[in-house]
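Examination of the molecular architecture
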Amino acid sequence: MHSRYPQPGANTMLNVDIRKQLDQFELQAAFACRPGELTAIVGPSGAGKTTLVRLIAGLDAPDHGTISLNGVAWTDIDARNFVPTHKRKIGLVFQEFPLFPHLTVRQNIGFGAPDDSQIVPLMETFGIGRLADRRPDSISGGERQRTAFCQALARCPDLLLLDEPFSALDVETRSFLRALLADLKPKLGIPIIHVTHDLEEAERLGNRIVALENGRIAPEWLDRQTMRPPVFAPSVSPV
Amino acid sequence: MDFFRILVDPQTSAPLWLTLKTLAAAGALHLAFGVLLGYYLTSGTGFLRSATDFLVTLPLVFPPIATGFILLMLLGRSGPLSRILPVDLIFSFPGVVLASFVAGMPLMVKPVEAALRGDVKRLAEISHVLGKNRWQTFWLVLLPTIRRNVAAGWFLALGRSLGEVGITLMLGGNIIGKTNTLSLEIYNAVFSGEFERALVLSAIIGAFSLSIFIALKRLSAV
């Protein structure tokens, strides 16, 4: 149905085809994301964006469908296959930058890392090298989010999930991290799912854009060339 | 009043020693089981979780003397659970420890449960995302994050154990020289007209309680 998208089952890395009943509507999403590409998921609050990220991460389970990475099924409800979150090699950055309060910045970054070799280079890249021995409660929100990015990337993930990571940041930090993400995207070479309600951000960073509206992918938003201001009413005509 | 003469009197020092031993044993049990039960109550589901929650909360809302009586019926020599127990609990030191453990348990478990239901759930999710399983997450993230709540619950449980009378009376029997804890000995001293000794015993318990209060204040101030 979404001809301009890499379809589930195609030769891509991340394939998502799920359904889950939520309070107000049923979330239905089918899309795929190639390595080195960023798929931006946009939509109004309550459209099911964060739920979709949680399903991909394995923090929640869908009612039906499959999620696979590079042909390996992480979630396959019909086959009763569900790989727990800790066995999915993912990086996840939340909006509110939660860090482990009892660990230093360096320890936070190294928490899920396979080895320590990436910690210092990542801290330098994200401009937080001088904060290595500080605790999360003694650094700013922007510095916490930079740390959260380092933490996610130090895991050497096969998939990066970003759940509105810039929305609570000051303008300077936001533009710094946006630019860094745009630069890192091809270098990382992994699929990136980026949830945002900022259409401009989605357009700037995304190779592809999935617009969610009441739990469904809105067809009129599928092609980047048709991007319009975020009117999410069902009456918006497909172009 | 000769405070130190009364303090070193075996009638006073024996209950003091017994109480210290009881607090040490019950405190260790609170730490071991209280944290795990708090964790189970936040992650478990179904009837077993509800039943556990009910049993843990019961000593808070049920009269201690009645709780002690029920435990006496269950664990007494003709009780249904007596045959499967490796030790004789009734009218013995283990019985006194059990009484202190049961009395203090809700005050240990509930703060831990409340802390685990808060923001630390998101930290647990981050830990899972970063490759740690539930057990690793519990030891590496949850326990260190809620350590102050654990300590606060532990001190509250110790305080409750220290003042425990009703369950101890039923399970321990208030046997002089064997199961008469400080709190029970205050009752014994008053009953036999030794008001000065009751005052000294109360002062000792007061010092314990003050220490616990200071520890709790320090925990909340950090």
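Located above this text is the structure these notes cover.
Here we summarise the structure given alongside this text. Note on numbering: residues in each chain are counted from 1, in written sequence order. To label them, take the chains in the order written and letter them from A, then take the ligands in the order written and number them from 1. Reporting in this predicted model follows two pLDDT cut-offs: at least 70 for local features of residues, and 80 or more for side-chain atom pairs to be given and counted; totals over whole chains, interfaces and linings ignore these cut-offs and use all residues. Side-chain metrics in this entry use all non-hydrogen atoms of the structure; hydrogen atoms and water are not considered.

Topic: the overall build of chain B
We count a stretch as a helix when DSSP gives it H or I for four or more residues in a row; a strand needs E for two or more, and each element gets its number in order from the N terminus. If you tally the helices and strands in chain B, you get eleven helices and zero strands. Each helix (α) and strand (β) of chain B, taken in turn from the N terminus, gives the series α-α-α-α-α-α-α-α-α-α-α. For each residue, the accessible area found with a 1.4 Å probe, counting protein chains only, is set against the maximum for its type, and the residue is called buried under 20%, exposed over 50%, and partly exposed in between. A total of 222 residues make up chain B; the buried ones form 45% of that total. When checking whether two residues touch, look at their non-hydrogen atoms; a contact exists if any pair is within 4.5 Å. The contacts of chain B with a sequence gap of at least 6 include a subset with a gap of at least 24, amounting to 71%. Positive and negative side-chain charges in chain B, numbering 18 and 11 respectively, have mean positions lying 12 Å apart. His residues and chain termini do not enter the charge count, which takes Lys and Arg as positive and Asp and Glu as negative. In this description, the location of a charge corresponds to atom NZ of lysine, CZ of arginine, CG of aspartate or CD of glutamate.

Some remarks on the overall build of chain A
From N to C terminus, chain A includes six helices and eleven strands. Relative to its 239 residues, chain A shows a buried fraction of 56%. Here the open area of atoms and residues is found with the Shrake-Rupley method and a 1.4 Å probe, where only the protein chains shown may cover a residue. Of the roughly 10,400 Å² of accessible surface on chain A, a fraction of 47% belongs to carbon and sulfur atoms.

Some words on the interface of chain B and chain A
Every contact between the two is made by 16 residues of chain B and, on the other side, 19 residues of chain A. Considering only the surface of chain B that becomes buried against chain A, B:Arg122, B:Val129 and B:Leu130 emerge as the three largest contributors, covering 40% of it. By convention in these notes, a salt bridge is any Lys or Arg side-chain nitrogen within 4 Å of a carboxyl oxygen on Asp or Glu. Inspection of the region where chain B meets chain A yields two salt bridges. Put simply, A:Arg54 and B:Glu125 hold a salt bridge, and the shortest N to O gap is 2.6 Å. Distance and chemistry together define a polar contact, namely a pair of N or O atoms within 3.5 Å, with one atom able to donate a hydrogen and the other to accept it when in protein, and with adjacent residues in sequence counting only for side-chain atoms on both sides. Where chain B touches chain A, the interface holds six residue pairs in polar contact (both at pLDDT 80 or more). The quantity reported as buried area is the accessible area (1.4 Å probe) lost by two parts once they are put together, taken as the sum for both.

A closer look at the packing of aromatic side chains
Residue and element names in this part refer to chain A. Any Phe, Tyr or Trp ring, taking Trp's six-membered ring, that has another such ring centre within 6.5 Å forms a pair; planes under 30 degrees apart are called stacked, those over 60 apart edge-to-face, and the others tilted. One pass over the full model with this rule turns up eleven aromatic pairs over all chains. Consider the rings of phenylalanine 100 and phenylalanine 111, whose centres lie 4.5 Å apart with planes at 50 degrees: the pair is tilted. In this pair, phenylalanine 100 sits in the loop between strand E7 (90–93) and helix H2 (105–110) while phenylalanine 111 sits in the loop between H2 and helix H3 (119–125), placing the two residues eleven residues apart along the sequence. This pair shows no difference in class: phenylalanine 100 is buried, exactly as phenylalanine 111 is.

Considering the nonpolar core
Among the nonpolar cores identified, the biggest contains 52 residues, and A:Leu14, A:Phe31, A:Leu52, A:Ile56, A:Leu159, A:Leu161 and A:Ile193 are the most heavily contacted of them. Grouped together as the second largest cluster of nonpolar side chains are 39 residues, A:Leu122, A:Met123, A:Ala132 and A:Ile209 included. Nonpolar core, defined: a set of buried Ala, Val, Leu, Ile, Met, Phe, Trp, Tyr and Cys residues in which side-chain atoms within 4.5 Å join the residues together.

Describing the sheet that holds E7(A)
Residue and element names in this part refer to chain A. Pairing within the open sheet is mixed, and its six strands lie in the order E7-E8-E9-E3-E10-E11. Sheet topology places E7 and strand E11 (216–217) at the edges, where each strand pairs with a single neighbour. Here an axis means a line fitted to C-alpha atoms, over the contact stretch when the element is a helix, while the angle between two N-to-C directions is reported on a 0 to 180 degree scale. Lying over the sheet, helix H5 (residues 171–188) contacts strand E3 (38–42), strand E8 (159–163) and strand E9 (192–196), oriented at roughly 155 degrees with respect to E9. In this analysis, strands are considered paired if DSSP registers two or more bridges between them.

Observations regarding the state of the cysteines
Residues and elements named next belong to chain A. For the purposes of this analysis, a disulfide is any pair of cysteine sulfur atoms at a distance within 2.5 Å. Taken as a whole and assessed by the stated rule, the structure comprises zero disulfides over all chains. Unpaired in terms of disulfides, cysteine 150 finds its nearest cysteine sulfur in cysteine 156, a separation of 12 Å. Classification of cysteine 150 by relative accessible area gives buried; the value is 0%.

Overview of the pairing of strand E2 (residues 26–33) of chain A
Residues and elements named next belong to chain A. Of all the eight residues making up E2, seven are buried; the element is thus mostly covered by neighbouring parts of the structure. Pairing between strand E1 (residues 14–21) and E2: eight bridges, direction antiparallel. Counterpart to lysine 20 in the pairing with E2 is leucine 27. In sequence, E1 turns back onto E2 through a hairpin of four residues.

Here's the deal with a nonpolar patch on the surface
Here a patch means residues that are over 30% exposed by relative accessible area and free of salt bridges, tied together within 9 Å if like-charged and within 5 Å if nonpolar (Val, Leu, Ile, Met, Phe, Trp, Tyr). A cluster of nonpolar side chains, B:Phe69, B:Ile70, B:Met73, B:Leu74, B:Leu81 and B:Ile84, forms an exposed patch at the surface whose accessible area comes to about 540 Å². One can find B:Ile70 in helix H4 (residues 64–75).

Describing the environment of B:Leu7
Residue placement: B:Leu7 occurs in helix H1 (residues 3–8). Leave out the neighbours within four places in its chain, and B:Leu7 touches B:Thr12, B:Ser13 and B:Ile204.

Observations concerning the packing of helix H4 (residues 141–154) of chain A against H5(A)
Residues and elements named next belong to chain A. Packing of H4 against H5 leaves a shortest axis separation of 11 Å and a crossing angle of 10 degrees. Between H4 and H5, the crossing angle belongs to the class labelled roughly parallel. Contacts between H4 and H5 pair Gly142, Gln145, Arg146, Phe149 and Leu153 from the former with Thr173, Phe176, Leu177, Leu184 and Leu188 from the latter. By the definition adopted for this analysis, an angle is roughly parallel if under 35 degrees, roughly antiparallel if over 145, roughly perpendicular if from 65 to 115, and oblique otherwise.

Notes on the pairing of E8(A)
All names here are of chain A. For E8, a buried count of five out of five residues is recorded, marking the element as mostly surrounded by other parts of the structure. Along E8, one buried face is formed by Leu159, Leu161 and Asp163 and the opposite face, lined by Leu160 and Leu162, is buried too. Here E7 runs beside E8; their pairing, made up of four bridges, is parallel. For isoleucine 90, the partnering residue across the bridge sits in E8 and is leucine 159. Here E8 pairs with E9 via four bridges, running parallel. Residue pairing in the sheet places leucine 160 in a bridge with isoleucine 192 of E9. Crossover handedness for the path E8 to H5 to E9: right-handed. Think of it like this: strands point away, you trace from the first strand over the helix to the second, and a clockwise trace means the crossover is right-handed.

Details of H5(A)
All names here are of chain A. For H5, spanning 18 residues, the distance from its first C-alpha to its last is 25 Å, which sits close to the expected 26 Å at 1.5 Å a residue. Those residues of H5 that fall on the buried side of the exposure criterion are Thr173, Leu177, Arg178, Leu180, Leu181, Leu184 and Lys185. If you follow the buried residues of H5, they end up packed against E3, H3, H4, E8, E9 and helix H6 (199–205). One side-chain oxygen of the residue at the start of H5 lies 3.2 Å from the amide nitrogen of glutamate 172, identifying that residue as aspartate 170. At the C-terminal side of H5, glycine 189 shows a positive phi close to 70 degrees. Expected span of a helix, by definition, is 1.5 Å for each gap between consecutive residues, and there is one gap fewer than residues.

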